[in-house]
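An overview of the molecular structure
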Amino acid sequence: MFGGFPLSGKIIAITGGASGIGFALAKLALESNAKVIIADLKPSSESTRLVKDHENAHFLKCDVTRWDDLALIMPFSESKLGDVPDIFVANAGVPETEKNSFWDDNDSERYSALDINLYHPIKLTRLAIRALLGKQKKGVVMITASIGGLHGHFSTALYCAGKHGTIGFIKSLAGAEEEAGVKVVGICPGPVRTPLMATVGKRLSKSDQTPILLEPEEVAERMKELIEQGKYRGGMALGVYWPGHAEVVADGSTSLLETICPPDVIAVRKIIAAERGI
Ligand SMILES: NC(=O)c1ccc[n+]([C@@H]2O[C@H](COP(=O)([O-])OP(=O)(O)OC[C@H]3O[C@@H](n4cnc5c(N)ncnc54)[C@H](O)[C@@H]3O)[C@@H](O)[C@H]2O)c1
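Residues numbered from 1 in each chain as written. Predicted model: local features only at pLDDT ≥ 70, side-chain atom pairs only at ≥ 80, totals over all residues.

1. Details of the nonpolar core
Among the nonpolar cores identified, the biggest contains 73 residues, and Ile12, Met142 and Ala237 are the most heavily contacted of them. The element that contributes the greatest number of residues to this core is helix α5 (residues 112-134), accounting for eight residues. Discounting chain neighbours no more than four positions away, the residues touching Ala237 are Ala145, Ile167, Ile170, Val185, Gly186, Cys188, Val249 and Ala250. (Core = buried A, V, L, I, M, F, W, Y, C linked by C-beta atoms within 7 Å. Buried ≥ 20, exposed ≤ 12 C-beta atoms within 10 Å, placed from the backbone. Helix = DSSP H or I, 4+ residues; strand = E, 2+ residues; numbered from the N terminus. Contact = placed C-beta atoms within 7 Å.)

Next up, the structure:
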C-alpha cells in the first residue's frame, strides 16, 4: 500500500514549471516545504524571482524533446539537493497552433507536438522509475494530461490524440505502484487561464464561444492532493474541468484488457529487480 506522500521535505521536478500550471504547482510545493526543480526551455520573469527568493528552488534549462536533457534532471537534483527527485511532474506541453496542427498540416517530417505532449511524459516516467528503483525509494509521477485526453475536439485533434495517449499510458502503469513503488497518476484540466490557453483562445475567438476558465492555482491544489493522498492510487486520473469541479476519470482498477490478456508480469519484475540492484 503506497499510502500518503506529503510534499513536505520531498524533491519535486516539474517540466514546464516556469509558466502556468507548472509554475502554480512550483509555488504551492515551496509553500508546502518541498524542494523544487523547474525544468523548462527558459526561465520566465516570475520563475527567476521564485528561484532568487527561495534557496530550495532551482532552475534547470531543459528541452523535454531531448531525452539527454530529461536525463540531466537526476544528476542536477543530486548535486543541488542531495538526491534524485521523489516526485516527477511531466507537465510541459504545447497547444495545437498553425505550425503544428493536424488541419494546417505544416509539420514536414513528424508531428512535432507529440514529442512534447506525449513522448516526453512517457520517457520521463521511464527515467523516473529507473532512478527511484536505483535509490530504493518510493515516488510519484504526475502527468499533466487534459480534458482533451478523454474527449475529442474537432479543430485540435492532434492535441487530443497526444493527451489520449497519456491517459492510456497512465492506465497501463497502474501496476507500477505495487510492483515498483512508483505511483503514476494524471490530472486532466479543462481550459485554464495560462499563456497556452491564450494561444488557443486566439484561435477559438474565431468562433463565438468563450471557454469557462480555471485558475492555475486551483489545478495545482488538485495536483497536490493527487500526489499526497493515498486514496489516489497509481493508474488514476482526476478530471478538473471547471472551477469547483473534480472527478475521478480513470480509477486505476482492473483492466479488461489485462483480464482477457494477462500481462507478462514476470518479465517486468525481472527488469524491476535488476534496476533495484537485487
Ligand atoms: N491551459 C490549459 O487550458 C490546459 C488545459 C489542459 C491541460 N493543459 C496542459 O497543462 C500543461 C501546462 O500548460 P499551461 O497551460 O500551464 O501552459 P504554459 O504555456 O503556461 O506553460 C507551458 C510550459 O511548458 C514549457 N515548454 C514548452 N515546450 C517545452 C519544451 N520543449 N521543453 C521544456 N519546456 C517546454 C513552456 O516554456 C512553458 O513554460 C500542458 O501539458 C498543457 O497541455 C493546459
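2. Things to note about helix α4 (residues 73-81)
Listed in full, the buried residues belonging to α4 are Ile73, Phe76 and Ser77. One side of α4 carries all its buried residues, which in axial view fall inside an arc of 95 degrees. Exposed side of α4, more than 90 degrees from the buried face: Pro75 and Ser79 are the residues found there. Of the surrounding elements, those touching the buried residues of α4 are β1 (11-15), β2 (35-40), β3 (57-61) and α3 (67-71). Once α4 ends, the next one or two residues include Gly82, with phi positive near 85 degrees. (Arc of directions from axis to C-beta.)

3. Description of the sheet that holds β2
The eight strands are arranged β3-β2-β1-β4-β5-β6-β7-β8 in an open sheet whose pairing can be described as mixed. In this open sheet, the two edge strands, each paired with only one partner strand, are β3 and β8 (247-251). In this sheet, neighbouring strand axes are inclined to one another by 20 degrees on average, regardless of whether the strands run parallel or antiparallel. The pairing of strand β6 (residues 182-189) with strand β7 (residues 236-240) spans four bridges and is classified as parallel. Across the sheet, Gly186 pairs through a bridge with Ala237, a residue of β7. The strands touched by α5 are β1, β4 (87-90), β5 (139-144) and β6; relative to β4, the strand with the most contacts, the crossing angle is about 170 degrees. (Pairing = 2+ DSSP bridges. Axes fitted to C-alpha atoms, helices over the stretch in contact; angles between N-to-C directions.)

4. Focus on the packing of α5 against helix α6 (residues 157-172)
Geometrically, a packed helix pair is captured by the angle between its two axes and the distance between the axes. Closest axis-to-axis distance for the α5/α6 pair is 9 Å, and the angle between their directions is 5 degrees. Overall, the two elements α5 and α6 adopt an arrangement that is roughly parallel. Contacts from Ala113, Leu114, Asn117, Leu118, Pro121 and Ile122 in α5 reach Leu158, Tyr159, Gly162, Lys163, Gly165, Thr166 and Phe169 in α6. The class makeup of the residues in the contact of α5 with α6 is eight nonpolar, four polar and one charged. (Parallel < 35°, antiparallel > 145°, perpendicular 65-115°, else oblique. Nonpolar A, V, L, I, M, F, W, Y, C, P; charged D, E, K, R; others polar.)

5. Description of the site of the ligand
As a structural note, the neighbourhood of the ligand is formed by 27 residues, with Gly16, Gly20, Gly93, Thr194 and Leu196 the closest of them. At the level of elements, α1 (20-31) and α8 (195-204) are the ones that each hand at least two residues to the shell around the ligand. A per-class count over the shell around the ligand returns 14 nonpolar, eleven polar and two charged. (Near = placed C-beta within 6 Å.)

6. Points about the pairing of β5
With six of six residues buried, β5 is to be regarded as a mostly interior element. Every second residue of β5 is oriented toward a common face, with Gly139, Val141 and Ile143 on one face and Val140, Met142 and Thr144 on the other, all of them buried. Bridge count for β5 against β6 is six bridges, and the pairing is parallel. Its bridge partner lying in β6, Val141 is registered against Val184.

7. Some remarks on the packing of α5 against helix α11 (residues 265-276)
Packing of α5 against α11 leaves a shortest axis separation of 7 Å and a crossing angle of 55 degrees. Judged by the inter-axis angle, α5 sits oblique to α11. In this structure, α5 contributes Arg130, Leu133 and Gly134 to the contact, and α11 contributes Ile272, Glu275 and Arg276. Here the residues of the contact of α5 with α11 are counted per class, giving two nonpolar, one polar and three charged.

8. Considerations on the confidence of the model for the protein
When pLDDT is averaged along the protein, the result is 95, and 97% of the positions lie at 70 or above. Taken element by element, the protein is modelled with least confidence in α8, mean pLDDT 77, and with most confidence in β4, mean pLDDT 99. (pLDDT = per-residue confidence, 0-100.)

9. Looking at the environment of Gly162
Relative to the elements of secondary structure, Gly162 occurs in helix α6. We classify Gly162 as buried; it has 26 C-beta atoms within 10 Å. With 64 residues separating them in the primary sequence, Gly162 and Glu98 have C-alpha atoms 17 Å apart. Contact partners of Gly162, with chain neighbours within four places excluded, come to Ala113, Leu114, Asn117 and Leu118.

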